[in-house]
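Secondary and tertiary structure notes
Residue-level listing of the chains:
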Amino acid sequence: MASRPNRLVFLLVLGLSLLHFASPLKCYTCNSANSNLCNDPFVNDTVEAVRCALVTHVCVKHVIPNEGVSRGCSTKDYCRIYNGSNRCHTCSDDYCNSGLNQISSVAVVGLAVFHQFIAILC
């Protein structure tokens, strides 16, 4: 049976992760047609992130051939609308459209659930 501290840690991690989903997403918003700072390699300390509208579910990085890079807030279907372009990527964590790999809060919750499951078995 899991100890009381393990359950408390699990509930704390789960609660903090759920808070993430209730707040507006923060995404870098720029277009390389207007600013070379948006191009890759992306230097995220030169471009401001914006709080997206609550109806926005993802950040987007879209590399458009012969036009450049566009980053911003959008809906989950954005890349599908562009015929599943392999140069269009969506993500759902703050600042995730910088192009750098970041661990998802879903992965953190998954690890917490796995840890709790192991603690129960032991």
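Our subject is the structure listed above.
So, a few notes on the structure that sits alongside this text.

Grouped together as the largest cluster of nonpolar side chains are seven residues: Tyr28, Cys30, Cys38, Phe42, Val47, Val63 and Val69. Those residues within four positions of valine 69 in sequence are excluded, and the remaining contacts are Cys30, Asn31, Ser32, Cys38, Asn39, Asp40, Lys61, His62 and Val63.

With the rule as written, the count across this model stands at two aromatic pairs. Measuring from centroid to centroid gives 5.2 Å for tyrosine 28 and phenylalanine 42, while their planes differ by 70°, and the two rings are edge-to-face. Here tyrosine 28 is found in strand β1 (residues 26–28), whereas its partner phenylalanine 42 is found in the loop between β2 (30–31) and β3 (49–51), with 14 residues between them in sequence. Classification of tyrosine 28 by relative accessible area gives buried; the value is 8%. Since its relative accessible area comes to 13%, phenylalanine 42 is described here as buried. The interplanar angle of 45° and the centroid separation of 5.7 Å between the aromatic rings of tyrosine 28 and tyrosine 95 together place this pair among those described as tilted. One end of the pair, tyrosine 28, is in strand β1; the other, tyrosine 95, is in the loop between β6 (88–91) and α3 (105–121), and 67 residues separate them in sequence. A connected cluster of aromatic rings, assembled from ring pairs, spans Tyr28, Phe42 and Tyr95.

Our next topic: the sheet that holds β6. Spatially, β2-β5-β4-β6 is the arrangement adopted by the four strands of the open sheet, whose pairing is antiparallel. In this open sheet, the two strands that pair with only one neighbour each are β2 and β6. Where strand β4 (residues 58–64) lies against strand β5 (residues 68–74), seven bridges are found, and the strand directions are antiparallel. Following the sheet pairing, valine 63 is matched in β5 by valine 69.

What counts, and at which threshold
- Residues numbered from 1 in each chain as written.
- Predicted model: local features only at pLDDT ≥ 70, side-chain atom pairs only at ≥ 80, totals over all residues.
- Heavy atoms only, no water.
- Core = buried A, V, L, I, M, F, W, Y, C linked by side-chain atoms within 4.5 Å.
- Buried < 20%, exposed > 50% of the residue type's maximum accessible area, 1.4 Å probe, protein only.
- Contact = heavy atoms within 4.5 Å.
- Phe/Tyr/Trp six-rings, centres within 6.5 Å; stacked < 30°, edge-to-face > 60°.
- Helix = DSSP H or I, 4+ residues; strand = E, 2+ residues; numbered from the N terminus.
- Pairing = 2+ DSSP bridges.

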